[in-house]
Amino acid sequence: VSKAEMEVYDAIEDKPVFSEGALKSHFGWHILTRGNAFDIFPPEVIKEATRKHPIAEMKLVSNDFTSVDFGWIGYVSPSEKTIGMQPDMLEYVTSRAAGWNSIISLIGNLDQLKSHARTDDNLEVIRRWEEARAINFLTSEQKKNLRDEYQEHILLINEEANLELVPYKQIKNIANGSKEIRAFIFNRNNKTWVVYWHTSSKKTMELVVDPKKISLFETLGKTIPVETKNGNVVFPVDKRRYIQFNLPPKKVIKLFLEAKIG
């Protein structure tokens, strides 16, 4: 395989800028800009599959100066058969790839991109990580942290319009087991934060919380008004938004577990 690659490469008068290989070739690593990709994983298992395949392989082939394409990522819209590709899934795969100085590949089916209610959020996740690559944002220590298979991270745009990397974790069983809303909790500036969204539609979420204890954001640094109902707060749920709480994490998680979806 290696000799076949070199024969083709040497025969090309104008050497290619990019070269892809379908599998690892030890002596051809220096001419491959993309290689060692796996087939498409469904959204429901993409995080576990990424741990089992690209990450597991990367730990080995990195010793041979070889990289791994953390794709192919098949872009699918929510349906009766699947939850669809969600922002946290793309956040996980792209962040792990960045930690290993590797890339992702997205199969951007136009019909699925157009029909998915969260496409803007999904593409924004990828845009932020590509910006991080372009400006060499990540430190060596941050890349090391991103190689943790189980600690997930989110790349924020903070109040100064700069990138900010924060670890977060999913709040599961929201509203007594609803699968409609995905939410992740993190600590930032001595406050408890939650990023949340609806997987495929637009609804509302009521939390039994004092309105004075929260702030709602679409863009960090710019609060947006919230509605109240019987002293509780009613949040819009569709695209990605952020809530800052003046409450401890355990209390915030309990609020989401007991939330009401409207």
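Residues numbered from 1 in each chain as written. Predicted model: local features only at pLDDT ≥ 70, side-chain atom pairs only at ≥ 80, totals over all residues. Heavy atoms only, no water.

S.K.: I would appreciate a short explanation of the overall build of the protein chain in the present structure.
M.R.: Across its full length, the protein chain carries 7 helices and 15 strands. Summarising its shape, the C-alpha atoms of the protein chain cover approximately 75 × 40 × 30 Å along the three principal directions. Restricting to contacts in the protein chain with at least 6 residues of sequence separation, those with at least 24 account for 66%. Surface exposure of the protein chain reaches about 13,900 Å², of which carbon and sulfur atoms provide 52%. On the protein chain, the mean spot of the 37 positive side-chain charges and the mean spot of the 35 negative ones are 8 Å from each other. (Helix = DSSP H or I, 4+ residues; strand = E, 2+ residues; numbered from the N terminus. Contact = heavy atoms within 4.5 Å. Areas by Shrake-Rupley, 256 points an atom, 1.4 Å probe, with all protein chains shown as cover. Lys, Arg positive; Asp, Glu negative; His and termini not counted. Charge placed at Lys NZ, Arg CZ, Asp CG, Glu CD.)

S.K.: Teacher, can you tell me more about the nonpolar core here?
M.R.: Among soluble globular proteins, nonpolar side chains are generally buried collectively. Ranked by size, the top nonpolar core spans 30 residues in total, and within it Ile46, Phe70, Ile73, Met85, Val93, Ile104 and Trp129 carry the most contacts. Contributing elements (two or more residues each) for this core: α2 (46-61), α3 (87-99), α5 (119-134) and β6 (163-171). With 6 residues, the top contributor of residues to this core is α3. Not counting chain neighbours up to four residues away, the residues in contact with Met85 comprise Pro43, Ile46, Ile73, Gly74, Tyr75, Val76, Leu90, His116 and Asn122. Ile174, Ala183, Ile185 and Val252 belong to the second largest nonpolar core, which has 23 residues in total. (Core = buried A, V, L, I, M, F, W, Y, C linked by side-chain atoms within 4.5 Å. Buried < 20%, exposed > 50% of the residue type's maximum accessible area, 1.4 Å probe, protein only.)

S.K.: Before we go on, may I ask you to explain the layout of surface pockets in this structure?
M.R.: A water-sized probe rolled over the atoms picks out the places where empty space is left. Its boundaries defined by the atoms lining it, the largest pocket holds a volume of some 320 Å³. Lining of the largest pocket is provided by 17 residues; of these, Lys47, Glu152, Gln170, Lys172 and Arg182 occupy positions nearest its centre. Going through the elements one at a time, α2, α3 and β6 are the ones with two or more residues in the lining of the largest pocket. Among the elements that make up the lining of the largest pocket, the one with the highest residue count is α2 (4 residues). (1 Å grid on protein atoms, 1.4 Å probe; cavity = no way out; pocket = protein on both sides within 12 Å on 5 of 7 lines; lining within 4 Å. Points joined across faces, edges and corners; volume = space filled by probe spheres on them.)

S.K.: Looking at this model, I keep getting lost on unusual backbone geometry. Mind explaining?
M.R.: Only a minority of non-glycine residues have a phi that is not negative, and only a minority of peptide bonds are not trans. With an omega of -5°, the peptide bond between Gly71 and Trp72 qualifies as cis. On the secondary structure map, Trp72 appears in the loop between α2 and β3 (73-74). Residues other than glycine seldom take positive phi values, yet Asn101 does so here, at roughly 55°. For Asn101, the location among the structural elements is in the loop between α3 and β4 (106-107). Take Asn101: its relative accessible area is 48%, and that puts it in the partly exposed class.

S.K.: Would you take a moment to explain the sheet that holds strand β13 (residues 232-237) for this structure?
M.R.: Within a sheet, adjacent strands bond to each other through the backbone by hydrogen bonds, running parallel or antiparallel. Across the sheet, which stays open at both edges, the 4 strands sit in the order β12-β13-β9-β15 with antiparallel pairing between neighbours. At either end of the open sheet lies a strand with only one pairing partner, and these are β12 (227-229) and β15 (260-261). (Pairing = 2+ DSSP bridges.)

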